[in-house]
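# Per-entry structural report
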Amino acid sequence: MEKLRNKDGLTEEEFLKKYNPGKYNRPSVTTDILILGMNEDYSGLKILLIKRGNHPFMGCWALPGGFVQEDETAYQAAARELEEETGLRGGYLDQIYTFTKPGRDPRMWVMSIAYLSLVQELEAVKGNDDADDAAWFDLKFDDSLISLRNEEKGIEIVYDLKKETFSNGAMQYENFIPSLKSKEALAFDHVEIIIEAMKKLREQILYNNQAFCLVKDTFTLPELQAVYEAVLSRPLYKKSFRDMISDRVEETGEEKKSCVKAGRRSKEYRLKKIK
């Protein structure tokens, strides 16, 4: 079969030999990871932040992350950075969005592929690699604000949110525009990553199984309902909730003390396995 030639008469092999990769400016690519878990009594969400140990934004709290290496995918980089900076490994890890706003990193042209990680338990964490510290923060996200708070360290980071509607052809969608309310701020554009991650999680949690990544392998229905309510930032009617998840759960035949409802004993459930 004759090899195809371009308008300059070159085969692909000849073209690649002459190609100059420096002809175009190339961005660096990073990955940033938003890690969510539930607190012990299932009353709210926790988010893992690291304290940056180097410039830029040295001393600021941020999402864990780092540069994607040439021999790895963005997913592999996210998993590696997650372990290097926090010691966490495994669990749910899913891509959120690619952030490309010019000037988002003061060092150079950097694009970030952001990921969402969901964990069943809040493991002890410490700052590793280029992170000076790591800690779980209480996360509150609703239509009016984002609040990240760690009482032990005396840190509170708060953004007011303004809802705006954007058009994309015939489609319209809502977005949240953050404005800093507290003295301390998150590094880079990480508040925007949190917004996009929470929006995506809210949209998907009602028909996918992400909620089961935020409870233990066996759970009570009040615990599971608390997860949905924490993500959606609104209460759910008990009957409507149970109708919604009835075909996704099964009883184990045991009972356990629920982490909610003052530790009452409740039927124990697990995610129904796909046959």
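Residues numbered from 1 in each chain as written. Predicted model: local features only at pLDDT ≥ 70, side-chain atom pairs only at ≥ 80, totals over all residues. Heavy atoms only, no water.

Moving on, we come to helix α4 (residues 221–232). Spanning twelve residues, α4 covers 17 Å between terminal C-alpha atoms, matching the ideal 16 Å at 1.5 Å per step. Of all twelve residues in α4, ten are buried, a share of seventy percent or more. When α4 is considered as a whole, its buried residues turn out to be L221, P222, E223, L224, Q225, A226, V227, Y228, V231 and L232. Note on α4: the residue one or two positions beyond its end, S233, has a positive phi of about 60°. (Helix = DSSP H or I, 4+ residues; strand = E, 2+ residues; numbered from the N terminus. Expected span 1.5 Å × (residues − 1). Buried < 20%, exposed > 50% of the residue type's maximum accessible area, 1.4 Å probe, protein only.)

What follows is about the pattern of salt bridges. Scanning the entire structure with this criterion turns up 23 salt bridges. Where E14 meets R5, a salt bridge forms, and the shortest distance between an N and an O atom there is 3.2 Å. Residue E14 is classed as partly exposed on the basis of its relative accessible area, which comes to 33%. Across the pair R104 and D189 runs a salt bridge, and its minimum N-O distance is 2.7 Å. Of this pair, R104 sits in the loop between β5 (92–99) and β6 (110–118) while D189 sits in the loop between β10 (171–180) and α3 (190–205), and the two are 85 residues apart along the sequence. The exposure classification of R104 matches that of D189, with both residues buried. Connected through shared salt-bridge partners, E72, R80, E81 and E84 make up one network. (Salt bridge = Lys/Arg side-chain N within 4 Å of Asp/Glu carboxyl O.)

Attention now goes to the confidence of the model for the protein chain. Across the protein chain, the average pLDDT comes to 92, with 98% of residues at 70 or higher. Mean pLDDT values over the elements of the protein chain span from 87, in helix α2 (residues 74–86), up to 97, in strand β8 (residues 145–150). (pLDDT = per-residue confidence, 0-100.)

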